[in-house]
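An overview of the molecular structure
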Amino acid sequence: MTQEIAQTPKRKLLWQLFSSTFYISMFTFGGGFVIITFMKRKFVDTLHWIDEKEMLDLAALAQSSPGAIAVNAAILVGWRVCGALGMAVAVVGTILPPMIILSVISLFYAAFATNPYVALVLRGMQAGVAAVILDVVCSLGAGVIKERSALSIVLMIAAFLATFVLDVNVVYIILAAALVGVGKILVLRRARKEGAK
Amino acid sequence: MMTLLELFWSFLQVGLFSIGGGYAAMPLIQAQVVEQHPWLTMSEFTDLITIAEMTPGPIAINSATFVGIRIAGLGGAVVATFGCILPSLLIVSILAKIYYKYKGAKGLDTVLSCLRPAVVALIAGAGLSILGTVLFGESAVALQNVDLVGAGLFVAAFFALRKLKWNPILVMSLCGVAGLGINLLLHGLPA
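Definitions and limits used
Residues numbered from 1 in each chain as written. Chains lettered and ligands numbered in written order. Predicted model: local features only at pLDDT ≥ 70, side-chain atom pairs only at ≥ 80, totals over all residues. Helix = DSSP H or I, 4+ residues; strand = E, 2+ residues; numbered from the N terminus. Buried ≥ 20, exposed ≤ 12 C-beta atoms within 10 Å, placed from the backbone. Contact = placed C-beta atoms within 7 Å. Nonpolar A, V, L, I, M, F, W, Y, C, P; charged D, E, K, R; others polar. pLDDT = per-residue confidence, 0-100. Core = buried A, V, L, I, M, F, W, Y, C linked by C-beta atoms within 7 Å. Domains from an automatic or database assignment. Expected span 1.5 Å × (residues − 1). Axes fitted to C-alpha atoms, helices over the stretch in contact; angles between N-to-C directions. Parallel < 35°, antiparallel > 145°, perpendicular 65-115°, else oblique. Left-handed = near helix turned anticlockwise from the far one by under 90°.

Notes on the overall build of chain B
- A count of helices and strands for chain B gives seven helices and zero strands.
- Secondary structure of chain B in N-to-C order comes out as α-α-α-α-α-α-α.
- Oriented by its inertia axes, the alpha-carbon framework of chain B measures out at about 65 × 45 × 30 Å.
- Counting across all 191 residues of chain B, residues that qualify as buried make up 53%.
- Put simply, 56% of the contacts in chain B that link residues at least 6 apart link residues at least 24 apart.

Below is the structure:
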């Protein structure tokens with residue numbers, strides 16, 4: 001697998017890395033999980049830089065780290081292919097398309113949003129986006145309930161009350177959930193030790 | 001200069017605490033740019049999420065660029081985006097090293113299993129406040145203030161997504177067109 005990387009001149013490697021991540025990022029709508037399938041197609045199937053099993057591991061890592069999945073995956077692939085320089089190139093390739101597009105949009109937004117026709121279209125689309133988000137929430141929530149873990153369900157309800165009713169800072173809620181996770185590790189570890197005795 | 005630092009610090013927190021991808025960043029962005037800083041109104045934030053949905057790229061990067069450029073120009077966009085990806089750069093490379101050393105991390109899975117339900121609840125909270133903007137706009141939350149067109153479009157869109165499994169971008173576009181059409185029919189051409 002790494003043969004392909006070793007045999008390619010470094011400049012060509014970096015250029016391929018940049019153009020691939022730029023292209024993938026440009027045409028990926030709908031967030032992180034989608035981008036990983038595109039990356040697999042490019043880096044595993046076409047360029048043979050990474051094998052399939054490793055790509056799955058990278059995807060798992062990208063999803064479990066903080067930040068955008070697309071950026072995390074670019075960091076991992078770039079690092080794997082060409083070290084720190086590869087990482088920088090892959091990240092720039094990934095963030096440039098959304099940066100360019102949103103810069104253009106935000107320049108026009110003020111003029112755009114005050115146009116009465118555009119404002120009506122945007123208001124209609126807001127109803128659509130609320131539906132899209134709450135549809136995703138229903139699927140994710142059903143997934144949590146299907147785990148049949150009392151702890152997960154209690155955490156979900158408690159976090160909802162904290163954010164929506166009590167207005168607790170989002171960061172504290174995430175930290176609290178992470179602490180519960182650390183507590184769970186400690187309890188599991190103690191249980192395992194007791195079991196060993 | 002102060003604004004640039006604030007932008008950097010705000011989006012650093014977005015990058016650091018959004019775990020799980022996709023919509024996980026949304027409640028954090030809302031907290032930073034609507035609640036803790038007067039950078040966007042809830043209605044502008046909802047427009048931003050709509051735009052982010054219709055364009056490629058992660059919501060966090062889209063938001064950092066949009067907010068950064070409106071608050072402090074192109075430099076603001078670059079600073080906010082850099083703040084957003086800096087935690088990833090550090091943490092992902094450390095996790096990758098640990099991962100390749102031990103091949104799998106059992107503890108991480110356990111922590112994530114507790115984070116997931118909380119993140120779902122946070123996304124629900126952000127989604128409901130967006131729904132609130134759709135139903136009530138900037139007016140008080142009361143039954144007589146409900147925007148019936150918005151409510152009708154929301155119910156139709158939810159049905160199309162949930163039961164008919166339509167594509168989200170298609171649903172949002174149709175909502176935009178329908179919103180324009182219905183309002184023109186009801187109120188005539190805007191002045």
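Read on, since the account is not over.
Here we look at the interface of chain A and chain B
- Counting from both sides, the interface comprises 75 residues of chain A and, opposite them, 85 residues of chain B.
- Elements represented by at least two residues in the side of chain A that touches chain B include exactly α2 (10-26), α4 (52-64), α5 (69-114), α6 (116-146), α7 (150-165) and α8 (170-196) of chain A.
- The class makeup of the residues in the side of chain A that touches chain B is 53 nonpolar, 19 polar and three charged.

What to know about the confidence of the model for chain B
- Per-residue confidence for chain B gives a mean pLDDT of 88; residues scoring 70 or more make up 97%.
- In the predicted complex, the global pTM is 0.84; the interface-specific ipTM is 0.83.

A word on the nonpolar core
- Judged by nonpolar contacts, the single largest core of 123 residues is most densely connected at Ala73 of chain A together with Ala118 and Ile123 of chain B.
- Both of domain 1 (2-108) and domain 2 (116-196) of chain A provide at least three residues apiece to this core.
- Those residues within four positions of alanine 73 of chain A in sequence are excluded, and the remaining contacts are Ile35, Ile36, Met39, Leu58, Ala59 and Ala62 of chain A.

Details of α6 of chain A
- Helix length check: α6 of chain A (31 residues) gives 45 Å between terminal C-alpha atoms against 45 Å at 1.5 Å per residue, within 8%.
- Two residues or fewer past α6 of chain A, arginine 148 of chain A is found with a positive phi of approximately 55°.

What to know about the packing of helix α1 (residues 2-17) of chain B against helix α4 (residues 59-102) of chain B
Residues and elements named next belong to chain B.
- Two numbers describe how α1 lies on α4: the axes approach to 7 Å, and their chain directions differ by 40°. It follows that α1 is oblique to α4 by the angle criterion. The interaxial crossing formed by α1 with α4 has right-handed handedness.
- Looking at the contact of α1 with α4, its residues break down into 18 nonpolar, seven polar and no charged.

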